[in-house]
Amino acid sequence: MRCPFCGGLDTQVKDSRPTDDSGAIRRRRVCPDCAGRFTTFERVQLRELTVVKKSGRRAPFDREKLARSVQIALRKRPVESERVDRMINGLVRQLESSGEAEVPSDTIGELVMQGLKNLDEVAYVRFASVYRNFREARDFGPLLDEFADESKKAEQG
């Protein structure tokens, strides 16, 4: 593992332990050249995924990009990071185990919306407004009507 500080190639692992959800291994490393310390995470990757954009362009799937977009939707919302990590890990596992090497960006967006809907309704609406390209306030109407319908069903059921 290359040192992020000096670029040295011979870093040493000082400590390894599983993350809270056991979805990754957290490794504390030290560089013998500059004595810099840093943390890496090792995750199982079932297959290389390619995202097919709406334009038809293809790009490698980037878990960190997905996590950033979820974090933006959840900014200043009272959701534990552990729950967010579980959602992202589950989503990535679902994509990797789908059997498809190429995944449409629409599929990823819908899965993220489904996950956010279960985590935080405000984050769900934020993400949906960007994902579905809302241009006016009235574009929120059908989305908010979904919540009203679900509330009625829950009260009746």
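Here, the structure is the one placed above.
As the structure is a prediction and not an experimental result, all values here were calculated from the model. Going along each chain's sequence as written, the residues are numbered from 1 onward. In view of the model being predicted, local features appear only for residues whose pLDDT reaches at least 70, and side-chain atom pairs are presented and counted only at 80 or more, with totals across whole chains, interfaces and linings using the full set of residues. Excluding hydrogens and water, the side-chain figures rest on all heavy atoms present in the structure.

1. Looking at the sheet that holds strand β2 (residues 24-30)
Within a beta sheet, neighbouring strands are joined by backbone hydrogen bonds and run either parallel or antiparallel to one another. In plain terms, the rule: Two strands make a pair as long as DSSP finds a minimum of two bridges between them. Each helix is a run of H or I in the DSSP string that is no shorter than four residues. Each strand is a run of E no shorter than two, and both are numbered from the N terminus. Lines fitted to the C-alpha atoms define the axes, with helices restricted to the stretch that makes contact. Angles between their N-to-C directions range from 0 to 180 degrees.
As summarised here, the arrangement of the 3 strands in space is β1-β2-β3, forming an open sheet in which the pairing is antiparallel. Lying at the two open borders of the sheet, with one neighbouring strand each, are β1 (12-18) and β3 (37-43). Going across the sheet, the axis of each strand differs from the next one's by a mean of 25°, ignoring polarity. Pairing of β1 with β2, which is carried by 6 bridges, proceeds in the antiparallel orientation. Bridging across to β2, Pro18 finds its partner in Ile25.

2. Considering the side chain of Thr40
Which entries qualify depends on this criterion: Side-chain atoms alone can form a polar contact between residues adjacent in sequence; in general such a contact is a pair of N or O atoms within 3.5 Å, and within protein one must be able to donate a hydrogen while the other accepts it. Every residue pair with non-hydrogen atoms within 4.5 Å of one another is taken to be in contact.
Relative to the elements of secondary structure, Thr40 occurs in strand β3. For Thr40, the side chain forms a polar contact with the side chain of Arg29, separated by 3.1 Å. With near-sequence residues (within four places) excluded, Thr40 lies in contact with Met1, Ile25, Arg26, Arg27 and Arg29.

3. Let's talk about the sheet that holds strand β4 (residues 50-52)
If you walk across this open sheet you meet the 3 strands as β5-β4-β6, and the pairing is mixed. With one partner strand each, in any of the chains shown, β5 (58-60) and β6 (102-104) form the two edges of the open sheet. Adjacent strand axes in the sheet meet at a mean angle of 35° when their direction is disregarded. Together, β4 and β6 form the strand contacts of helix α3 (residues 105-119), whose direction differs from that of β6 by roughly 65°.

4. Some remarks on helix α4 (residues 121-131)
Along an α-helix, a turn takes 3.6 residues, which lines up residues three or four apart on a common side. Put simply, the rule reads: Relative accessibility decides the category of a residue: with a 1.4 Å probe and only protein chains considered, values under 20% of the type maximum give buried, values over 50% give exposed, and everything between is partly exposed.
When α4 is considered as a whole, its buried residues turn out to be Ala123, Tyr124, Val125, Phe127, Ala128, Ser129 and Tyr131. Buried residues in α4 make contact with α1 (63-73), α3 and α5 (141-156). With its phi angle positive at about 60°, Asn133 sits one or two positions after the end of α4.

5. With respect to the side chain of Ser129
Secondary-structure assignment places Ser129 in helix α4. Overall, Ser129 belongs to the buried group, its relative accessible area being 16%. With near-sequence residues (within four places) excluded, Ser129 lies in contact with Phe134 and Phe140.

6. Let's talk about the packing of helix α2 (residues 81-96) against α3
As a reminder, the rule being used: An angle counts as roughly parallel when it lies under 35 degrees, as roughly antiparallel when it exceeds 145, as roughly perpendicular when it falls between 65 and 115, and as oblique in every other case. The sense of a crossing depends on the near helix, which, turned anticlockwise from the far helix by less than a right angle, makes the crossing left-handed and, turned clockwise, makes it right-handed. In this classification, Asp, Glu, Lys and Arg are treated as charged, Ala, Val, Leu, Ile, Met, Phe, Trp, Tyr, Cys and Pro as nonpolar, and every other residue, Gly included, as polar.
Where α2 contacts α3, the two axes come as close as 10 Å, and the packing angle between them is 150°. In terms of orientation, α2 lies roughly antiparallel with respect to α3. Between α2 and α3 the crossing geometry is right-handed. Residues Arg83, Val84, Met87, Leu91, Gln94 and Leu95 of α2 form the contact with α3, whose participating residues are Ile108, Leu111, Val112, Gly115, Leu116, Asn118 and Leu119. Each residue belonging to the contact of α2 with α3 can be placed in one class, and the counts come to 9 nonpolar, 3 polar and 1 charged.

Bear in mind that shape data such as this cannot, by itself, settle questions of function.
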